[in-house]
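# A structural walkthrough
For reference, the chains in residue letters:
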Amino acid sequence: MNILITGGAGFIGSHLVEKFLKEKHRVVVVDNFDSFYSIDTKISNVLESTNNINLKEKILNLNNDEKLKFLSKNTESNNYRLYIEDICNLENLKEIFKNENIEFVINLAALAGVRPSILRPFDYERVNIKGFLNILELCKEFKIKKLIQASSSSVYGNAKTDIFTEDIRVDFPISPYAATKKSCEEFGSVYSHIYDIDIVQLRFFTVYGERQRPDLAIHKFIKKILADEEITIYGDGNTSRDYTYIKDIISGIYKSFEYLNTHQNIYEIINLGSSREIKLIDMIKIIEEKLNKKVKIKFDNKQAGDVDKTFACIDKAKRLLGYEVNTKFEDGIENFIRWYIRSF
């Protein structure tokens, strides 16, 4: 099957590409290599996901334009094609749909991050909402009936419930990023209803693991701790997250793909998390233990847009998809540390 994965050079996207190639599908990747996420990091992601890591030294010595041309040319194969393109560019995106005979779309492309969205709300609206509308319009035009969209646990805001189930109200986002993801869920519902597109919206809960973005807490903390630098905690350390290891997320996405291919008349919103709540201060203690290094901590004011906690109910994912959590947080941290030391 021809699978389009937008954002396929990113953290989650590159792991997903690897999974689909392993399962013998043909993968078409669209990624704009946005400067928010360093080009070299995304190049490494592509090389790892396509088993071309031997090309890394040759590419990284080039300038940025030369890097991307070299990358596109040298990773292309019968079952993999990379397009360096923005999902906001409807006409160019349409050409890709026309030329590649797309049968299934997985839209991971987005501007991510709560705090940056407060500074760049118009950019987040353009990429996350308009970009997704472009995807929906092209699915309609080319009669593509199967779509997975990446949503986020951020849509829950500061929900007052002990555990987040998909049926609770999410009408009060507290960041532009969360608002864009909520909007995408609503647009998805509209297109599914009017144009009979089967859609699964996956609410990801704090994904971590190998290839994690450098700006995210676990990656940033481990880098600083290994360099004997001070880390900053915003708030008192008692905020908590439902951390979900990348391989469990990839399993959940792939099971959603299988579910959509065997069911009709589907519009579902599904949590993908670990259903384990870990406080920030406890996460740091686990990293301390795994690195066998004492952490120097600076406390600062809580940041605008940050939610107090996330905690996923995954009963629906288990029931519909057969989703399982196979990785303990402590083991996932060990895996990340080994990858980080090997890569940097």
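Look a little higher up for the structure.
Every value quoted in this text rests on a predicted model; they were computed, and no experiment measured them.

## Considering the overall build of the protein chain
- Along its length, the protein chain carries 13 helices and 13 strands.
- Scaling as 2.2 N^0.38, a compact globule of 344 residues should have a C-alpha radius of gyration of about 20 Å, and the protein chain matches this with 19 Å.
- A buried classification covers 55% of the 344 residues belonging to the protein chain.
- Relative to all contacts within the protein chain whose residues are 6 or more apart in sequence, the contacts with residues 24 or more apart total 82%.
- For the protein chain, the accessible surface area stands at approximately 15600 Å², while carbon and sulfur atoms represent 47% of it.

## Quick notes on helix H7 (residues 121–141)
- For H7, with 21 residues, the first-to-last C-alpha span of 29 Å sits near the 30 Å given by 1.5 Å per residue.
- Listing the buried residues of H7 in full gives Tyr124, Val127, Asn128, Ile129, Gly131, Phe132, Asn134, Ile135, Leu136, Leu138 and Cys139.
- Note on H7: the residue one or two positions beyond its end, Lys143, has a positive phi of about 55°.

## Quick look at the side chain of Thr327
- Within the fold, Thr327 resides in the loop between helix H12 (315–321) and helix H13 (329–343).
- Here Thr327 falls in the buried class, since its relative accessible area comes to 18%.
- Not counting residues within four places of it along the chain, the set of residues in contact with Thr327 comprises Tyr245, Asp248 and Gly332.

## Looking at the nonpolar core
- Counting 78 residues, the largest nonpolar core has Ile12, Ile106, Phe204, Ile253 and Met283 as the members making the most contacts within it.
- Here this core takes 8 residues from helix H10 (residues 246–261), the largest share from any one element.
- Beyond its immediate sequence surroundings of up to four residues, Met283 is in contact with Ala217, Ile218, Phe221, Tyr243, Ile278 and Phe329.
- Leu4, Ile135, Cys184 and Ile197 belong to the second largest nonpolar core, which has 22 residues in total.

## A few points about unusual backbone geometry
- Positive phi, normally seen in glycine, also occurs at Lys143, with a value near 55°.
- Positionally, Lys143 belongs in the loop between H7 and strand E5 (146–152).
- You can call Lys143 exposed: its relative accessible area is 66%.
- At Asn292, a residue that is not glycine, the phi angle is positive and equals roughly 55°.
- Structurally, Asn292 can be placed in the loop between helix H11 (280–291) and strand E13 (297–300).
- Overall, Asn292 belongs to the exposed group, its relative accessible area being 72%.

## As for the sheet that holds strand E6 (residues 198–204)
- Pairing in this open sheet of 7 strands is parallel, and the strands run E3-E2-E1-E4-E5-E6-E11 from one edge to the other. At either end of the open sheet lies a strand with only one pairing partner, and these are strand E3 (80–84) and strand E11 (267–272). In this sheet, neighbouring strand axes are inclined to one another by 15° on average, regardless of whether the strands run parallel or antiparallel.
- Two strands pair when backbone bridges link them, and strand E1 (residues 2–6) and strand E4 (residues 104–107) are joined in this way by 4 bridges, in the parallel orientation. Residue pairing in the sheet places Leu4 in a bridge with Val105 of E4.

## A word on the environment of Leu108
- Looking at where Leu108 falls in the secondary structure, it is placed in the loop between E4 and helix H6 (114–119).
- Taking the C-alpha atoms as reference points, Leu108 and Ala150, 42 residues apart in sequence, are found 5.4 Å from one another.
- Non-local contacts of Leu108, meaning those with residues more than four positions away in its chain, are made with Ile5, Thr6, Gly7, Ile12, Gly13, Leu16, Ala150 and Phe204.

## Quick word on the environment of Gly157
- The topology assignment puts Gly157 in the loop between E5 and helix H8 (176–195).
- For Gly157, a relative accessible area of 2% gives the class buried.
- With 152 residues separating them along the chain, Gly157 and Lys309 place their C-alpha atoms 8.7 Å apart.
- Apart from residues no more than four positions distant in its own chain, Gly157 is found in contact with Phe172 and Val307.

## Comments concerning the packing of helix H1 (residues 11–22) against helix H2 (residues 39–49)
- Two elements in contact, H1 and H2, have axes whose closest approach is 9 Å; the angle formed by their N-to-C orientations is 15°. Between H1 and H2, the angle is such that the two are roughly parallel. Where H1 crosses over H2, the two elements pack in a sense that is right-handed. The residues of H2 that touch H1, namely those facing Phe11, Ser14, Val17, Glu18 and Leu21, are Asn45, Glu48 and Ser49.

Thresholds applied
Residues numbered from 1 in each chain as written. Predicted model: local features only at pLDDT ≥ 70, side-chain atom pairs only at ≥ 80, totals over all residues. Heavy atoms only, no water. Helix = DSSP H or I, 4+ residues; strand = E, 2+ residues; numbered from the N terminus. Rg over C-alpha atoms; globule rule 2.2 N^0.38 Å. Buried < 20%, exposed > 50% of the residue type's maximum accessible area, 1.4 Å probe, protein only. Contact = heavy atoms within 4.5 Å. Areas by Shrake-Rupley, 256 points an atom, 1.4 Å probe, with all protein chains shown as cover. Expected span 1.5 Å × (residues − 1). Core = buried A, V, L, I, M, F, W, Y, C linked by side-chain atoms within 4.5 Å. Pairing = 2+ DSSP bridges. Axes fitted to C-alpha atoms, helices over the stretch in contact; angles between N-to-C directions. Parallel < 35°, antiparallel > 145°, perpendicular 65-115°, else oblique. Left-handed = near helix turned anticlockwise from the far one by under 90°.

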